[in-house]
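Examining the three-dimensional arrangement
Residues per chain are reported as follows:
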Amino acid sequence: MKRALVIAALGFSLAAGLAVAASDPRRSGFDFMSRETQAMQKDDFSNPGMLWVQDGADLFKARTGTSGKACADCHAEPSMKGVAARYPAFNAKTSRPIDLQGRINQCRLDRQGAPELPLEGHDLLALTAYVAQQSRGLPVSPATDPRLEPFRRQGEALYKKKLGQLNFSCADCHDANAGRRLAGAPIPEAHPTGYPLYRLEWQALGSLQKRMRGCMSGVRAEPYGYGAPEFVAIELYLMSRASGMPMETPGVRP
Amino acid sequence: MVRPLLGLLSLLAFANHARAEPLRPYRIVKGEIPASLSGKPGDAAKGRAIVVDRQTGLCLLCHSGPFPEARQQGDLAPSLAGAGSRSSVGRLRLKIVDSRALNPATIMPSYYRTQGLAQVAKAWEGKPVLTAQQIEDVVAFLATLKTP
């Protein structure tokens, strides 16, 4: 009962949120899914990702670290709206781009005096999903800081680089063959709009990096590690490629 | 919610590994590899099994063909039906060994190649996708795929 209320409070209607303009040729992975899976994503009561969002809401309010502060002590909830839609952002401290999970961990270290949360662990995914869910329905709006540009170009080059024993680039599948069927499964356009998202195959919420690691092992390439600068650069490129498309977090995928 | 296509991409990753053996040299003559890679003839029945096995041949990720038992077939590439009528055995062999020799822009992987690849997963380092004999088996099978 309590959970249902929290979920209802967090969710807002997606009815108008998902479709890009009819003239926009880009398609979210959502559009390639079966109706049942689409329905699962659209209904907050059946979207399993909402369980992580709810845990994230609790963690957001939990006091922790040597500062004894909660995220909520510095950030009123509405201030997280739109944040995920413009990440990765430029991090002046390291002079590099930082993604949302990295940013959350930086707040833990610097502001809360708490240890970083493990990448791909439950708590960091939950917090990220909670923050990103507040951008749901908003257009992807990549950060405009010119210092990001070289990293975005690096991401584009990595996206086009052939990898692995099977010698495929991301672009070979997601640009040249999107919409075709790889052994029966439609190849989506690789838009990052739903992350972190719940994959039925994972039976869990996972990050965009987890998705990309799957694609890389698929072509028998050694995947970059979680948090690798290469991944952050590809994330930057994917977000600029998806500019203007609506955020869907938490998405559901097969 | 049952997932029919359990982890298509991850399946590839844990496929049977071709044994690490040094690649045998081969000669390309006029768009063909005329001689058997292994020095032995191929076995068409084994070749068929390799082609339909998504973890060994990987062919049906991209191709379709006359394989009623394989429910999930790809459409990134032409059907394999009639492949044996369209190409000579030597050309089929080159197509599998190193497709780029026939079409530099192809996405079809080179099945007998270990060099010039980036970031190959440790389990596959130095290994071709298929062994010389597996390729001979596949070629023997493709040669049976005649247009009716």
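Coordinates for the structure precede this section.
Residues numbered from 1 in each chain as written. Chains lettered and ligands numbered in written order. Predicted model: local features only at pLDDT ≥ 70, side-chain atom pairs only at ≥ 80, totals over all residues. Heavy atoms only, no water.

Some points on the overall build of chain A
Keep this limit in mind: We count a stretch as a helix when DSSP gives it H or I for four or more residues in a row; a strand needs E for two or more, and each element gets its number in order from the N terminus. Note on method: radius of gyration uses C-alpha positions; expected globular size equals 2.2 Å times residues raised to 0.38. In this description, contact between two residues means that some pair of their heavy atoms is separated by no more than 4.5 Å. Note on areas: these come from Shrake-Rupley sampling with a 1.4 Å probe, and a residue is covered only by the protein chains present in the view. The charged-residue count follows a simple rule in which Lys and Arg add positive charge and Asp and Glu add negative charge, with His and chain termini not counted at all. Charge coordinates come from a single atom per side chain, which is NZ of Lys, CZ of Arg, CG of Asp or CD of Glu.
Regarding its fold elements, chain A presents 10 helices and 7 strands. Taking 254 residues into account, the globule formula puts the C-alpha radius of gyration at 18 Å, and chain A, at 18 Å, falls close to it. Dimensions of chain A, computed from the C-alpha atoms along their principal axes, are close to 50 × 40 × 30 Å. Pairs at least 24 residues apart make up 68% of the contacts formed inside chain A by residues separated by at least 6 positions. As presented, chain A carries roughly 10,800 Å² of accessible surface, and 56% of it is formed by carbon and sulfur atoms. Taking the average place of the 32 positive charges on the side chains of chain A and the average place of its 25 negative ones, the gap between the two points comes to 1 Å.

Focus on the interface of chain A and chain B
Basically, it comes down to this: As a working definition, buried area equals the accessible area (1.4 Å probe) given up by two parts on being put together, with both sides summed. Salt bridges, as used here, are contacts in which a Lys or Arg side-chain nitrogen is within 4 Å of a carboxyl oxygen on Asp or Glu. Pairs of N or O atoms are called polar contacts if they sit within 3.5 Å, as long as, within protein, a hydrogen donor faces a hydrogen acceptor (for residues adjacent in sequence, only side-chain-to-side-chain pairs). We call Asp, Glu, Lys and Arg charged. Ala, Val, Leu, Ile, Met, Phe, Trp, Tyr, Cys and Pro are nonpolar, and the rest, Gly among them, are polar.
Facing 32 residues of chain A, the contacting portion of chain B comprises 35 residues. Counting the surface lost from both chain A and chain B, the interface buries some 2,800 Å², and carbon and sulfur atoms represent 60% of this. When residues of chain A are sorted by the area they lose upon contact with chain B, Gln165, Ala183 and Arg220 of chain A head the list and together hold 26% of the total. Our count for the chain A to chain B interface comes out at 0 salt bridges. Between chain A and chain B we count 10 residue pairs in polar contact (both at pLDDT 80 or more) in total. Sorting the residues of the side of chain A that touches chain B by element identifies β3 (181-182) and α9 (208-218) of chain A as the ones contributing at least two each. Of the residues assigned to the side of chain A that touches chain B, the class counts are 13 nonpolar, 9 polar and 10 charged.

What to know about the packing of aromatic side chains
Residue and element names in this part refer to chain A. This is how it is decided: For Phe, Tyr and Trp, rings pair up if their centres lie within 6.5 Å, where Trp contributes its six-membered ring, and each pair is then called stacked (planes under 30 degrees apart), edge-to-face (over 60) or tilted (otherwise). By definition here, charges over rings are those cases where NZ of Lys or CZ of Arg is within 6 Å of the ring centre and within 35 degrees of the ring normal.
All told, the structure shown has 5 aromatic pairs over all chains when counted by the stated rule. Sitting over the face of the ring of Trp202, Arg199 holds its NZ or CZ atom 5.4 Å from the ring centroid. For Arg213, the ring lying beneath its charged end belongs to Tyr226, and the centroid distance is 4.7 Å.

Here's the deal with the sheet that holds strand β6 (residues 204-206) of chain A
Residue and element names in this part refer to chain A. To keep things clear, this is the line we draw: Here, strands pair whenever DSSP counts at least two bridges between them.
Taken in spatial order, the 3 strands of this open sheet run β6-β5-β7, and their pairing is mixed. Unpaired on one side and paired on the other, β6 and β7 (252-253) mark the two borders of the sheet. Note that strand β5 (residues 197-199) and β7 share 2 bridges and pair parallel. The residue bridging Arg199 from the neighbouring strand is Arg253, located in β7.

Concerning the pattern of salt bridges
Residues and elements named next belong to chain A. Where we set the bar: Each residue is assigned to one of three classes by its accessible area relative to the maximum for its type, calculated with a 1.4 Å probe on protein chains only: buried under 20%, partly exposed between the two thresholds, exposed over 50%.
For the structure shown, the criterion picks out 15 salt bridges over all chains. Put simply, Arg147 and Asp145 hold a salt bridge, and the shortest N to O gap is 2.7 Å. Across the salt bridge formed by Asp175 and Arg241, the nearest N and O atoms sit 2.9 Å from each other. Placement of the pair is Asp175 in the loop between α8 (170-174) and β3 and Arg241 in helix α10 (residues 229-241), with a sequence separation of 66 residues. The buried category is assigned to Arg241, whose relative accessible area is 16%.

Examining the nonpolar core
Keep this limit in mind: We define a nonpolar core as any set of buried Ala, Val, Leu, Ile, Met, Phe, Trp, Tyr and Cys residues linked to one another through side-chain atoms lying within 4.5 Å.
Formed by 87 residues in total, the largest nonpolar core has its most connected members in Leu100 of chain A together with Val51, Ile96, Tyr111, Ile135 and Leu142 of chain B. It is helix α6 (residues 122-133) of chain A that provides the largest number of residues to this core, a total of 8 residues. Beyond its immediate stretch of four places on either side in the chain, Leu100 of chain A contacts Val83, Ala84, Tyr87, Thr128, Val131 and Ala132 of chain A. Counting 5 residues, the second-largest nonpolar core is a separate cluster that includes Phe90, Ala143, Phe151 and Leu236 of chain A.

So, the environment of Met216 of chain A
The topology assignment puts Met216 of chain A in helix α9. Met216 of chain A sits 52 residues away from Gly164 of chain A along the chain, and the two C-alpha atoms are 7.5 Å apart. Excluding its chain neighbours within four sequence positions, the residues that come into contact with Met216 of chain A are Leu163, Ala221, Glu222, Pro223, Tyr224 and Phe231 of chain A together with Gln119 of chain B.

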